[in-house]
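Here are the chains, one letter per residue:
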Amino acid sequence: MRIVVQDIPFDFGAEAAAFAEGRAESGAVVTFTGIVRDVDGGLKAMEIEHYPGMTEGALSEIAGQAMSRWSLEDALVIHRHGRLEVGEMIMMVATAARHRKHAFEAAEFLMDYLKSRAPFWKREITKDGAEWVAARDEDEDALTRW
Amino acid sequence: MRIVVQDIPFDFGAEAAAFAEGRAESGAVVTFTGIVRDVDGGLKAMEIEHYPGMTEGALSEIAGQAMSRWSLEDALVIHRHGRLEVGEMIMMVATAARHRKHAFEAAEFLMDYLKSRAPFWKREITKDGAEWVAARDEDEDALTRW
Amino acid sequence: MDVLYFAWVRERIGIPREAVETKASTVMDLVDELRGREERYAAAFADISALRVAVDQQLTDFDTPLAGAREVAFFPPMTGG
Amino acid sequence: MDVLYFAWVRERIGIPREAVETKASTVMDLVDELRGREERYAAAFADISALRVAVDQQLTDFDTPLAGAREVAFFPPMTGG
């Protein structure tokens, strides 16, 4: 299990390849990547604030839950903070399990919990200024699945 | 949309990175990778037979359905045939969508259909000989979700 | 008409494909013709619930008409992914 | 006790963290103390249903006791991922 919180970009291809390499016990690897999306053509950048110390702890706890609940062979969470341009990768998760259903479910669980339980806050920078992204009810509702 | 059927290995990291690169319209990229798993320590290799011509058509049809059903920005399917050693990657799918739920669902749909509707047949080579892998009822049952 | 066999169907019949002259009107009629040929065909087609069929590279059912079909393939349930 | 503020809570109060001398027995008691200080605190804590709280870096509720707590953080619902 590996948790990374950093302000610099990460190499998605290299991380995904290293995670999947030689998983002869797993059979199934799922990755999810979140990218700064230019919602209506007006986004200039995204700023992500976090809570140093708590962030790593919260992500470790969420990943640990996923590991034991789906008997994962491994899990990876990388999340950036600071300023990100449109098209840049915000974060990724990866899961390795024996069966694909478990790898998919564990990755979705990681995302759902990370969204609503890890201390990150996004601010969108547009030509009109900066605005904090509001939490969506559907993100909180997603937790009820688990 | 890209469909690849080949006997040589593919570069998962490079394919995943190229697929996710600059997806400023998507926001969410999911990949799934299937790896030759050494089930009970006795597997020497896997051989995959396919139906040239029909394989590409069936995968295109399945990926096309996923594209339109989840309004994907893009989809990728790579599947190997021939002989694969333990730990080698058999196949991958990737999906790019605006929201993570759609990217996850479309990837799971691709996998469920690919498993039971694309003409591939696996044979396990162990020290005791070669045996065709039997289709699992749960793979057929998985299609009822869609 | 080309008839193709894959996986253990191919192994049981002993060849990957053959040209078949037939007036069979459905896939099932073709199966019955092939069964009558030799023991290896009868063995391969003994239990068609264990088989799948594609006509002109489209997965289909055993009651599909063969009018105009150029290629019929028999194989076990798929196990890709 | 260290009190931390994040995102718009930090902006509204104007500082990221401060040391607070308090005998508040629960998070809610601390909120009431802070509200009484100045308008900017009252504004930040006007609607606590829009806020989340962590005590010693564990997400928790507003009725959590503060006995032994070293660090309390207030922030809006998280929006990572």
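Details of the structure are given in the entry above.
What follows is about the relation of the copies chain B and chain A. Rotating chain B by 180° and moving it 0.0 Å along the rotation axis overlays it on chain A with an RMSD of 0.0 Å. Both copies of the chain, as the preceding transformation shows, are related through a two-fold rotation axis. Rotation axis and chain B: the residue whose C-alpha lies nearest the axis is G13(B), separated from it by 2.0 Å. Taken as a fraction of all interface residues of chain B, those also at the interface in chain A reach 100%, which identifies the copy contact as same-surface.

In this section: helix α2 (residues 54-69) of chain A. Residues and elements named next belong to chain A. Between its first and last C-alpha atoms α2 spans 22 Å; for 16 residues at 1.5 Å apiece the expected length is 22 Å, and the two agree. Where α2 is concerned, the buried positions are M54, T55, A58, L59, I62, A63 and A66. Projected down its long axis, α2 carries its buried residues within an arc of 155°, all on one side. Within two residues after α2, S71 carries a phi angle of roughly 45°, on the positive side.

Residues V93(A) and V93(B) are the most contacted members of the largest nonpolar core, which totals 69 residues. Among all residues touching V93(A), those that are not within four sequence positions of it are V30(A), T31(A), F32(A), L76(A), V77(A), A107(A), L110(A), M111(A) and L114(A).

This next bit is on the packing of α2(A) against helix α3 (residues 100-117) of chain A. To characterise two packed helices, one gives the angle between the axes of the helices and the distance between these axes. Residues and elements named next belong to chain A. The N-to-C vectors of α2 and α3 enclose an angle of 155°; their axes lie 10 Å apart at closest approach. By the criterion of interaxial angle, the relationship of α2 to α3 is roughly antiparallel. Both α2 and α3 take part in a crossing whose hand is right-handed. Facing A58, L59, I62, A63, Q65, A66 and R69 of α2, the residues of α3 in contact are A106, F109, L110, Y113, L114 and R117. Of the residues assigned to the contact of α2 with α3, the class counts are 10 nonpolar, one polar and two charged.

Let us look at the arrangement of the chains. Contact analysis covers three pairs of chains in contact, and the most contacts occur between chains A and B. Across all C-alpha pairs, the smallest distance from chain A to chain C is 10 Å, and the two are not in contact. One finds no contact linking chain B with chain D; the least C-alpha distance across the pair is 10 Å.

The subject of this paragraph is the packing of helix α1 (residues 12-20) of chain A against helix α1 (residues 12-20) of chain B. Orientation of α1(A) relative to α1(B), taken along the N-to-C sense of each, is 145°, at an axis distance of 8 Å. Here α1(A) runs over α1(B); the crossing is right-handed. Along its contact with α1(A), which presents F12(A), G13(A), A16(A), A17(A) and A20(A), the element α1(B) presents F12(B), G13(B), A16(B), A17(B) and A20(B).

As a further point, take the pattern of salt bridges. Applying the stated criterion across every chain, the model contains 40 salt bridges over all chains. Put simply, E85(B) and R83(B) hold a salt bridge, and the shortest N to O gap is 2.9 Å. Here R17(C) and D2(C) are joined by a salt bridge, their closest N and O atoms 3.5 Å apart. With R17(C) in strand β2 (residues 17-19) and D2(C) in strand β1 (residues 2-5), this pair connects stretches of sequence that are 15 residues apart. A relative accessible area of 29% places D2(C) in the partly exposed class. One salt-bridge network, in which partners are shared between bridges, spans R100(A), D112(B), R136(B), E138(B) and D139(B).

Take the interface of chain B and chain A next. Each side of the interface is counted separately: chain B has 38 residues, and chain A has 38 residues. The interface formed by chain B and chain A includes four salt bridges. Here D112(B) makes a salt bridge to R100(A), at a shortest N to O gap of 2.6 Å. Here chain B is connected to chain A by 11 residue pairs in polar contact (both at pLDDT 80 or more). Every element with two or more residues in the side of chain B that touches chain A is listed here: α1, β2 (28-35), α3 (100-117) and α4 (137-142) of chain B. Counting residues per element, the side of chain B that touches chain A draws most heavily on β2(B), at eight residues.

Taken together, the contact pairs 25 residues of chain B with 20 residues of chain C. Considering only the side of chain B, the residues that lose the most area to chain C are Y51(B), M54(B) and W121(B), jointly responsible for 36% of the buried surface there. Salt-bridge contacts for R123(B) lead to E11(C); the nearest nitrogen and oxygen are separated by 2.4 Å. Put simply, the parts of the chain that give the side of chain B that touches chain C at least two residues each are β3 (43-50), α2 (54-69), β6 (89-97), α3 and β7 (120-126) of chain B. Ranked by the residues each element gives to the side of chain B that touches chain C, the list is headed by α3(B), at five residues. Partitioning the side of chain B that touches chain C into residue classes produces 15 nonpolar, four polar and six charged.

A word on the side chain of E71(C). Considering the arrangement of structural elements, one finds E71(C) in strand β5 (residues 71-75). Side chain to side chain, E71(C) and Y51(B) meet in a polar contact 2.5 Å long. Of note is the side chain of E71(C), whose polar atom sits 3.2 Å from the side chain of Q57(C). Setting aside its immediate chain neighbours within four residues, E71(C) contacts Y51(B), M1(C), D2(C), L4(C), R17(C), A54(C), V55(C), D56(C) and Q57(C).

Here we come to the pairing of strand β7 (residues 120-126) of chain A. All names here are of chain A. Of all seven residues making up β7, five are buried, and the element is well covered by its neighbours. The pairing of strand β3 (residues 43-50) with β7 spans seven bridges and is classified as antiparallel. By the bridge assignment, H50 is partnered in β7 with F120. Across four bridges, the pairing between β7 and strand β8 (residues 129-132) is antiparallel. Bridge pairing in β8 places R123 opposite W132. The antiparallel hairpin formed by β7 and β8 contains two residues in its connecting segment.

Quick notes on the rules
- Residues numbered from 1 in each chain as written.
- Chains lettered and ligands numbered in written order.
- Predicted model: local features only at pLDDT ≥ 70, side-chain atom pairs only at ≥ 80, totals over all residues.
- Heavy atoms only, no water.
- Least-squares fit on C-alpha atoms with pLDDT ≥ 70 in both.
- Contact = heavy atoms within 4.5 Å.
- Helix = DSSP H or I, 4+ residues; strand = E, 2+ residues; numbered from the N terminus.
- Expected span 1.5 Å × (residues − 1).
- Buried < 20%, exposed > 50% of the residue type's maximum accessible area, 1.4 Å probe, protein only.
- Arc of directions from axis to C-beta.
- Core = buried A, V, L, I, M, F, W, Y, C linked by side-chain atoms within 4.5 Å.
- Axes fitted to C-alpha atoms, helices over the stretch in contact; angles between N-to-C directions.
- Parallel < 35°, antiparallel > 145°, perpendicular 65-115°, else oblique.
- Left-handed = near helix turned anticlockwise from the far one by under 90°.
- Nonpolar A, V, L, I, M, F, W, Y, C, P; charged D, E, K, R; others polar.
- Salt bridge = Lys/Arg side-chain N within 4 Å of Asp/Glu carboxyl O.
- Polar contact = N/O pair within 3.5 Å; in protein donor to acceptor, adjacent residues only side chain to side chain.
- Buried area = accessible area lost by both parts, 1.4 Å probe.
- Pairing = 2+ DSSP bridges.

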